[in-house]
Amino acid sequence: MNIELRQLRHFVTVAEEMHFGRAAQRLHMTQPPLSQSIQALEALLGVQLFRRTSRSVALTPAGIALLPEAQRILQQTAALPDLMRRAASGASGRLSLAFVSTADYSVLPHFLREFREAYPQVEIDLREATTDVQLDELTQGRIDVGLLIPPLPDKARLQLDYLPVLSEPLILAVPKGLNAVRGKQTVALQAVAELPLIIFPRRIAPAFHDAILACYRDAGLTPHIGQEAIQMQTIIGLVSAGMGIALVPQSVSNLKRPGVDYKALADKTPLVETGMAWRRDNTSPVLNAFLELLRKK
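These numbers come from a predicted model, not from an experiment.

J.: For this particular structure, what's the right way to read the pattern of salt bridges?
T.: Side chains that differ in charge, positive against negative, can pair when their charged atoms come close. In the structure shown here, the tally under the stated rule is 17 salt bridges. Glu137 is paired through a salt bridge with Arg142; the nearest N and O atoms lie 2.7 Å apart. The exposure class assigned to Glu137 is buried, which follows from its relative accessible area of 14%. Connected via shared salt-bridge partners are Arg94, Asp125, Arg127, Asp136, Glu137 and Arg142.

Here it is in C-alpha coordinates:
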(Lines give C-alpha, C1' and ligand atoms only; values in the text may rest on other atoms or scores of the structure.)
Protein backbone atom coordinates (compact mmCIF):
# COMPACT_ATOMS: atom_id res chain seq x y z
CA MET A 1 0.00 0.00 0.00
CA ASN A 2 1.48 3.30 -1.10
CA ILE A 3 -0.67 6.10 0.30
CA GLU A 4 0.58 9.58 -0.59
CA LEU A 5 0.48 12.57 1.73
CA ARG A 6 -1.27 14.43 -1.09
CA GLN A 7 -4.16 11.97 -0.90
CA LEU A 8 -4.46 12.35 2.88
CA ARG A 9 -4.45 16.13 2.50
CA HIS A 10 -7.24 15.90 -0.08
CA PHE A 11 -9.26 13.59 2.19
CA VAL A 12 -8.88 15.84 5.26
CA THR A 13 -9.86 18.96 3.30
CA VAL A 14 -13.02 17.35 1.92
CA ALA A 15 -13.86 16.00 5.41
CA GLU A 16 -13.47 19.46 6.92
CA GLU A 17 -15.47 21.23 4.19
CA MET A 18 -18.01 18.44 3.59
CA HIS A 19 -18.21 19.77 0.06
CA PHE A 20 -16.06 18.76 -2.92
CA GLY A 21 -16.36 22.13 -4.66
CA ARG A 22 -15.25 24.18 -1.63
CA ALA A 23 -12.50 21.68 -0.87
CA ALA A 24 -11.20 21.96 -4.44
CA GLN A 25 -11.12 25.76 -4.18
CA ARG A 26 -9.23 25.56 -0.88
CA LEU A 27 -6.73 23.19 -2.45
CA HIS A 28 -6.36 25.39 -5.56
CA MET A 29 -7.41 22.61 -7.90
CA THR A 30 -10.47 21.62 -9.91
CA GLN A 31 -13.09 19.22 -8.62
CA PRO A 32 -12.60 16.26 -11.02
CA PRO A 33 -8.99 15.51 -10.05
CA LEU A 34 -9.94 15.91 -6.37
CA SER A 35 -12.71 13.34 -6.77
CA GLN A 36 -10.30 11.02 -8.59
CA SER A 37 -7.75 11.37 -5.74
CA ILE A 38 -10.37 10.43 -3.12
CA GLN A 39 -11.52 7.47 -5.22
CA ALA A 40 -7.91 6.28 -5.55
CA LEU A 41 -7.45 6.51 -1.78
CA GLU A 42 -10.64 4.53 -1.20
CA ALA A 43 -9.44 1.89 -3.65
CA LEU A 44 -6.10 1.62 -1.81
CA LEU A 45 -7.82 1.25 1.55
CA GLY A 46 -10.57 -1.02 0.26
CA VAL A 47 -13.30 1.02 1.98
CA GLN A 48 -15.63 3.89 1.16
CA LEU A 49 -14.71 7.08 3.03
CA PHE A 50 -17.61 9.33 2.00
CA ARG A 51 -21.32 8.88 1.30
CA ARG A 52 -22.05 11.12 -1.68
CA THR A 53 -25.40 12.28 -2.95
CA SER A 54 -26.30 15.08 -5.34
CA ARG A 55 -26.99 17.28 -2.31
CA SER A 56 -24.64 16.18 0.49
CA VAL A 57 -21.36 14.60 1.49
CA ALA A 58 -20.94 12.66 4.75
CA LEU A 59 -18.19 10.58 6.29
CA THR A 60 -18.68 6.83 6.54
CA PRO A 61 -17.61 5.03 9.75
CA ALA A 62 -14.29 4.26 8.03
CA GLY A 63 -13.90 7.94 7.12
CA ILE A 64 -14.65 9.00 10.71
CA ALA A 65 -11.95 6.61 11.96
CA LEU A 66 -9.41 7.80 9.38
CA LEU A 67 -9.87 11.55 9.90
CA PRO A 68 -8.00 12.05 13.23
CA GLU A 69 -5.20 9.73 12.12
CA ALA A 70 -4.79 11.54 8.81
CA GLN A 71 -4.79 14.91 10.60
CA ARG A 72 -2.13 13.65 13.01
CA ILE A 73 0.09 12.40 10.16
CA LEU A 74 -0.19 15.71 8.31
CA GLN A 75 0.57 17.70 11.46
CA GLN A 76 3.64 15.57 12.18
CA THR A 77 4.80 15.91 8.59
CA ALA A 78 4.43 19.68 8.73
CA ALA A 79 6.54 19.74 11.89
CA LEU A 80 9.41 17.74 10.34
CA PRO A 81 11.38 20.68 8.85
CA ASP A 82 11.46 22.49 12.18
CA LEU A 83 12.36 19.26 13.98
CA MET A 84 15.25 18.66 11.57
CA ARG A 85 16.50 22.23 11.93
CA ARG A 86 16.45 21.96 15.72
CA ALA A 87 18.23 18.59 15.60
CA ALA A 88 20.91 19.94 13.25
CA SER A 89 21.53 22.95 15.51
CA GLY A 90 21.66 20.88 18.72
CA ALA A 91 18.41 22.37 20.01
CA SER A 92 16.84 18.92 20.26
CA GLY A 93 18.10 15.38 20.60
CA ARG A 94 19.83 13.44 23.36
CA LEU A 95 22.99 13.93 25.42
CA SER A 96 24.46 11.11 27.53
CA LEU A 97 26.63 12.50 30.34
CA ALA A 98 28.52 10.62 33.05
CA PHE A 99 29.95 12.30 36.15
CA VAL A 100 32.14 11.53 39.12
CA SER A 101 30.41 11.77 42.48
CA THR A 102 32.39 14.86 43.54
CA ALA A 103 30.96 16.84 40.60
CA ASP A 104 27.46 16.41 42.02
CA TYR A 105 28.39 18.92 44.75
CA SER A 106 30.20 21.43 42.53
CA VAL A 107 29.77 22.15 38.83
CA LEU A 108 27.22 19.57 37.66
CA PRO A 109 23.99 21.16 38.98
CA HIS A 110 24.96 24.57 37.55
CA PHE A 111 25.89 23.12 34.14
CA LEU A 112 22.68 21.12 33.91
CA ARG A 113 20.48 24.05 34.95
CA GLU A 114 22.00 26.38 32.34
CA PHE A 115 21.88 23.79 29.58
CA ARG A 116 18.29 22.87 30.37
CA GLU A 117 17.28 26.54 30.24
CA ALA A 118 19.07 27.06 26.91
CA TYR A 119 18.00 23.75 25.29
CA PRO A 120 14.75 22.57 26.90
CA GLN A 121 14.06 20.09 24.06
CA VAL A 122 17.23 18.05 24.69
CA GLU A 123 16.86 14.80 26.62
CA ILE A 124 19.74 14.36 29.09
CA ASP A 125 20.78 10.86 30.11
CA LEU A 126 22.76 11.11 33.38
CA ARG A 127 24.77 8.41 35.06
CA GLU A 128 27.22 8.50 37.95
CA ALA A 129 30.48 6.70 37.19
CA THR A 130 34.09 6.71 38.34
CA THR A 131 36.78 8.14 36.07
CA ASP A 132 38.06 4.74 34.93
CA VAL A 133 34.56 3.61 33.95
CA GLN A 134 33.91 6.88 32.12
CA LEU A 135 37.11 6.56 30.10
CA ASP A 136 36.05 3.11 28.95
CA GLU A 137 32.53 4.31 28.14
CA LEU A 138 33.90 7.27 26.18
CA THR A 139 36.40 5.31 24.13
CA GLN A 140 33.71 2.73 23.32
CA GLY A 141 31.31 5.49 22.25
CA ARG A 142 28.66 4.58 24.83
CA ILE A 143 28.45 8.12 26.32
CA ASP A 144 28.86 11.55 24.75
CA VAL A 145 30.72 13.36 27.50
CA GLY A 146 32.27 12.60 30.88
CA LEU A 147 32.79 14.89 33.87
CA LEU A 148 35.88 13.31 35.44
CA ILE A 149 39.15 13.77 37.28
CA PRO A 150 42.25 13.95 35.05
CA PRO A 151 44.82 13.08 33.87
CA LEU A 152 43.76 11.07 30.85
CA PRO A 153 45.91 8.01 30.09
CA ASP A 154 48.07 8.25 26.95
CA LYS A 155 45.86 5.80 25.04
CA ALA A 156 42.71 7.76 25.89
CA ARG A 157 44.28 11.06 24.81
CA LEU A 158 44.57 9.71 21.28
CA GLN A 159 40.77 9.60 21.05
CA LEU A 160 39.52 12.16 23.55
CA ASP A 161 39.52 15.93 23.93
CA TYR A 162 39.54 17.50 27.37
CA LEU A 163 38.39 20.80 28.88
CA PRO A 164 39.20 21.74 32.52
CA VAL A 165 36.19 23.23 34.33
CA LEU A 166 37.16 23.42 38.02
CA SER A 167 40.25 23.46 40.28
CA GLU A 168 39.78 23.39 44.04
CA PRO A 169 41.81 22.67 47.20
CA LEU A 170 41.39 19.69 49.48
CA ILE A 171 39.72 20.12 52.83
CA LEU A 172 39.33 17.85 55.85
CA ALA A 173 36.16 15.90 56.67
CA VAL A 174 36.16 14.71 60.30
CA PRO A 175 33.67 13.14 62.70
CA LYS A 176 31.66 15.87 64.42
CA GLY A 177 32.92 16.89 67.85
CA LEU A 178 36.41 15.43 67.36
CA ASN A 179 38.53 16.77 70.24
CA ALA A 180 41.62 17.40 68.10
CA VAL A 181 39.80 19.93 65.89
CA ARG A 182 37.02 21.22 68.15
CA GLY A 183 36.54 24.97 67.80
CA LYS A 184 39.08 25.29 64.98
CA GLN A 185 38.29 26.54 61.48
CA THR A 186 41.70 25.58 60.10
CA VAL A 187 43.44 22.35 61.08
CA ALA A 188 46.96 21.04 60.52
CA LEU A 189 47.10 17.51 59.16
CA GLN A 190 49.48 16.65 62.02
CA ALA A 191 46.59 17.07 64.47
CA VAL A 192 44.64 14.16 62.95
CA ALA A 193 47.49 12.08 61.53
CA GLU A 194 46.83 9.14 63.87
CA LEU A 195 43.25 8.69 62.71
CA PRO A 196 42.40 6.20 59.94
CA LEU A 197 42.17 7.71 56.46
CA ILE A 198 39.17 6.93 54.25
CA ILE A 199 40.16 7.27 50.59
CA PHE A 200 39.31 6.41 46.99
CA PRO A 201 41.13 3.31 45.66
CA ARG A 202 44.01 4.37 43.44
CA ARG A 203 42.74 2.33 40.47
CA ILE A 204 39.54 4.41 40.47
CA ALA A 205 41.07 7.91 40.59
CA PRO A 206 44.89 7.74 40.60
CA ALA A 207 45.46 11.51 40.46
CA PHE A 208 43.03 12.17 43.31
CA HIS A 209 44.48 9.32 45.41
CA ASP A 210 48.04 10.55 44.81
CA ALA A 211 47.12 14.15 45.68
CA ILE A 212 45.84 13.01 49.09
CA LEU A 213 48.94 10.95 49.81
CA ALA A 214 51.11 13.89 48.71
CA CYS A 215 49.53 15.99 51.47
CA TYR A 216 50.69 13.47 54.05
CA ARG A 217 54.11 13.11 52.47
CA ASP A 218 54.67 16.88 52.33
CA ALA A 219 53.73 17.09 56.00
CA GLY A 220 56.24 14.35 56.83
CA LEU A 221 53.45 11.92 57.72
CA THR A 222 52.49 8.38 56.77
CA PRO A 223 48.74 7.79 56.51
CA HIS A 224 46.99 4.82 58.06
CA ILE A 225 44.42 3.83 55.43
CA GLY A 226 41.44 2.43 57.26
CA GLN A 227 38.84 2.13 54.49
CA GLU A 228 38.53 2.56 50.75
CA ALA A 229 35.30 3.56 48.99
CA ILE A 230 34.48 4.51 45.40
CA GLN A 231 31.61 6.94 46.09
CA MET A 232 31.97 10.29 47.84
CA GLN A 233 28.65 9.76 49.63
CA THR A 234 30.04 6.53 51.07
CA ILE A 235 33.26 8.18 52.20
CA ILE A 236 31.38 10.95 53.99
CA GLY A 237 29.01 8.36 55.46
CA LEU A 238 31.97 6.45 56.92
CA VAL A 239 33.34 9.69 58.40
CA SER A 240 29.92 10.32 59.93
CA ALA A 241 30.04 6.85 61.47
CA GLY A 242 33.35 7.69 63.15
CA MET A 243 35.38 5.29 60.99
CA GLY A 244 38.06 7.87 60.21
CA ILE A 245 38.79 11.12 58.39
CA ALA A 246 38.90 12.04 54.72
CA LEU A 247 40.53 14.64 52.50
CA VAL A 248 37.93 15.78 49.98
CA PRO A 249 37.56 18.53 47.37
CA GLN A 250 36.28 21.77 48.88
CA SER A 251 32.92 21.56 47.07
CA VAL A 252 32.08 18.35 48.94
CA SER A 253 31.31 20.55 51.95
CA ASN A 254 27.98 21.13 50.13
CA LEU A 255 27.17 17.53 51.08
CA LYS A 256 25.60 18.06 54.47
CA ARG A 257 25.64 14.92 56.59
CA PRO A 258 24.89 14.69 60.33
CA GLY A 259 27.98 13.81 62.29
CA VAL A 260 30.49 15.42 59.89
CA ASP A 261 32.49 18.64 60.20
CA TYR A 262 34.45 20.17 57.33
CA LYS A 263 37.70 22.01 58.16
CA ALA A 264 40.17 23.96 56.05
CA LEU A 265 43.69 22.52 56.04
CA ALA A 266 46.54 24.63 57.34
CA ASP A 267 48.91 22.57 55.21
CA LYS A 268 49.54 23.50 51.59
CA THR A 269 47.42 21.21 49.44
CA PRO A 270 47.47 20.48 45.70
CA LEU A 271 44.51 21.59 43.65
CA VAL A 272 42.16 18.86 42.47
CA GLU A 273 40.96 19.40 38.92
CA THR A 274 37.68 18.31 37.36
CA GLY A 275 37.11 18.47 33.63
CA MET A 276 35.03 17.38 30.66
CA ALA A 277 36.20 14.71 28.20
CA TRP A 278 34.58 13.64 24.94
CA ARG A 279 35.46 11.72 21.80
CA ARG A 280 37.25 13.87 19.26
CA ASP A 281 35.28 12.27 16.42
CA ASN A 282 31.86 12.80 18.03
CA THR A 283 30.04 15.22 15.71
CA SER A 284 26.77 15.32 17.67
CA PRO A 285 25.19 18.81 17.37
CA VAL A 286 23.82 18.41 20.91
CA LEU A 287 27.33 17.72 22.26
CA ASN A 288 28.69 20.72 20.37
CA ALA A 289 25.95 22.92 21.85
CA PHE A 290 26.77 21.67 25.36
CA LEU A 291 30.50 22.29 24.91
CA GLU A 292 29.92 25.77 23.48
CA LEU A 293 27.92 26.65 26.56
CA LEU A 294 30.81 25.47 28.78
CA ARG A 295 33.41 27.38 26.80
CA LYS A 296 31.55 30.63 27.44
CA LYS A 297 32.18 30.28 31.18
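Picking up after the structure, the text goes on.
J.: Would you take a moment to explain the packing of helix 1 (residues 5–17) against helix 3 (residues 31–45) for this structure?
T.: Working note: a packed helix pair is described by the angle between its axes plus the distance between those axes. In the contact formed by helix 1 and helix 3, the axes pass within 9 Å of each other and the chain directions differ by 110°. It follows from the interaxial angle that helix 1 and helix 3 lie roughly perpendicular. The crossing of helix 1 and helix 3 is left-handed. Where helix 1 abuts helix 3, its residues Arg6, Gln7, His10, Phe11 and Val14 lie against Leu34, Ser37, Ile38, Ala40, Leu41 and Leu44.

J.: How do you make sense of the UniProt feature "domain: HTH lysR-type" (unreviewed entry) in the protein chain when you look at a structure like this?
T.: Sites flagged by UniProt as "domain: HTH lysR-type" (unreviewed entry) map to residues 3–60. In this annotation, residues 3–60 is assigned 60% helix and 10% strand; the end-to-end C-alpha distance for the span is 19 Å.

J.: Looking at this structure, how should I read the layout of surface pockets?
T.: Unoccupied space between atoms shows up once a probe the size of one water molecule is rolled over them. When its volume is computed, the largest pocket comes out at roughly 150 Å³. Looking at the largest pocket, the residues that line it are Met18, His19, Phe20, Gly21, Gln31, Ser35, Arg52, Thr53, Ser54, Arg55, Ser56 and Val57. Among the secondary structure elements, those contributing two or more residues to the lining of the largest pocket are helix 2 (20–26) and helix 3. By residue class, the composition of the lining of the largest pocket is 3 nonpolar, 7 polar and 2 charged.

J.: Teacher, can you tell me more about the packing of aromatic side chains here?
T.: Aromatic ring pairs: the centre-centre distance and the angle between the two ring planes describe each pair. A full pass over the atoms with the stated rule returns 5 aromatic pairs. With 5.0 Å between their ring centres and 40° between their planes, Phe115 and Tyr119 make a pair best called tilted. Its relative accessible area of 1% is what places Phe115 among the buried residues. Here a set of aromatic residues connected by ring pairs shows up, and it is made of Phe11, Phe20 and Phe50.

J.: Can you help me understand the packing of helix 5 (residues 108–118) against helix 10 (residues 285–295) in this one?
T.: Contact geometry of helix 5 with helix 10 gives a least axis separation of 11 Å together with a crossing angle of 120°. With respect to their mutual orientation, helix 5 and helix 10 come out oblique. Seen along the crossing, helix 5 lies across helix 10 with a hand that is right-handed. For the pair helix 5 and helix 10, the contacting residues are Phe111, Glu114 and Phe115 in the first and Val286, Ala289, Phe290, Leu293 and Leu294 in the second. Residues that form the contact of helix 5 with helix 10 fall into these classes: 7 nonpolar, no polar and 1 charged.

J.: Whenever I open this one, empty space enclosed by the protein confuses me. Can you help?
T.: Scanning the entire structure with this criterion turns up 1 cavity of 30 Å³ or more. What the largest cavity holds in volume is close to 90 Å³. Lining the largest cavity we find 14 residues, and of these Val100, Ser101, Thr130, Phe200 and Ile230 sit closest to its centre. Counted by class, the lining of the largest cavity contains 8 nonpolar, 5 polar and 1 charged residues.

Cut-offs and rules
Residues numbered from 1 in each chain as written. Predicted model: local features only at pLDDT ≥ 70, side-chain atom pairs only at ≥ 80, totals over all residues. Heavy atoms only, no water. Salt bridge = Lys/Arg side-chain N within 4 Å of Asp/Glu carboxyl O. Buried < 20%, exposed > 50% of the residue type's maximum accessible area, 1.4 Å probe, protein only. Axes fitted to C-alpha atoms, helices over the stretch in contact; angles between N-to-C directions. Helix = DSSP H or I, 4+ residues; strand = E, 2+ residues; numbered from the N terminus. Parallel < 35°, antiparallel > 145°, perpendicular 65-115°, else oblique. Left-handed = near helix turned anticlockwise from the far one by under 90°. Contact = heavy atoms within 4.5 Å. UniProt positions renumbered as here; feature names shortened; annotations may be inferred. 1 Å grid on protein atoms, 1.4 Å probe; cavity = no way out; pocket = protein on both sides within 12 Å on 5 of 7 lines; lining within 4 Å. Points joined across faces, edges and corners; volume = space filled by probe spheres on them. Nonpolar A, V, L, I, M, F, W, Y, C, P; charged D, E, K, R; others polar. Phe/Tyr/Trp six-rings, centres within 6.5 Å; stacked < 30°, edge-to-face > 60°.

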